[in-house]
Amino acid sequence: MLKHKNKKQKHRVNRGKNENESGKGELVFKEDGQESGQVIKMLGNGLLKAMCFGGVKRLCHIGGKLRKRVWIDTSDVILVDLGDYQDNKADVILKYNADETGSLKAYGELPEHTDTLGPGDDDEIQFDDTGDDNEDIDDI
């Protein structure tokens, strides 16, 4: 049994391994029983709504291992495993990053019209003017 002289040593011994897998794996293509899709809405409790590129909206469940390691947000491209019994439910297997999404579009696995409007892409949003330009602040 290890004897710890102080609390800092105990903290270092119990620390987990650093498992960063950013960009080191190979590109994963969809197989039979799998479909690519884009996240429409996060529902909470490990659930999300996704629009699959086959044209079907599905309720998807994020498994525990993926939920702890990967952050999934709206407009992300994901790979889902289709359920055996219900067509409108699926399990999330993988989240594609931006580089992988571009590669999949180049290979023809994803359609070109995927809307990748992320949280920082406010430049493409246009707002309609609802106010009167003739109204002066002094008149109010």
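Each value, and the rule that gives it
Residues numbered from 1 in each chain as written. Predicted model: local features only at pLDDT ≥ 70, side-chain atom pairs only at ≥ 80, totals over all residues. Heavy atoms only, no water. Salt bridge = Lys/Arg side-chain N within 4 Å of Asp/Glu carboxyl O. Helix = DSSP H or I, 4+ residues; strand = E, 2+ residues; numbered from the N terminus. Buried < 20%, exposed > 50% of the residue type's maximum accessible area, 1.4 Å probe, protein only. Core = buried A, V, L, I, M, F, W, Y, C linked by side-chain atoms within 4.5 Å.

Undergrad: Could you give an account of the pattern of salt bridges, naming the residues involved and the relevant values?
TA: Pairing between side chains of opposite charge can happen when their charged atoms approach one another. With the rule as written, the count across this model stands at three salt bridges. Across the salt bridge formed by Arg58 and Asp87, the nearest N and O atoms sit 3.1 Å from each other. Of this pair, Arg58 sits in strand β3 (residues 57-62) while Asp87 sits in the loop between β4 (77-82) and β5 (89-96), placing them 29 residues apart in sequence. Its relative accessible area of 7% is what places Arg58 among the buried residues.

Undergrad: Run through the nonpolar core, naming residues and quoting values.
TA: Counting residues in hydrophobic clusters, the biggest one holds twelve residues: Val39, Leu48, Ala50, Cys52, Cys60, Ile62, Leu66, Ile72, Ile78, Val80, Ala90 and Val92. Every element with two or more residues in this core is listed here: β2 (47-52), β3, β4 and β5. Here this core takes three residues from β2, the largest share from any one element. The next biggest cluster of nonpolar side chains, apart from the first, holds five residues, and it includes Val77, Tyr96, Leu104 and Leu110.

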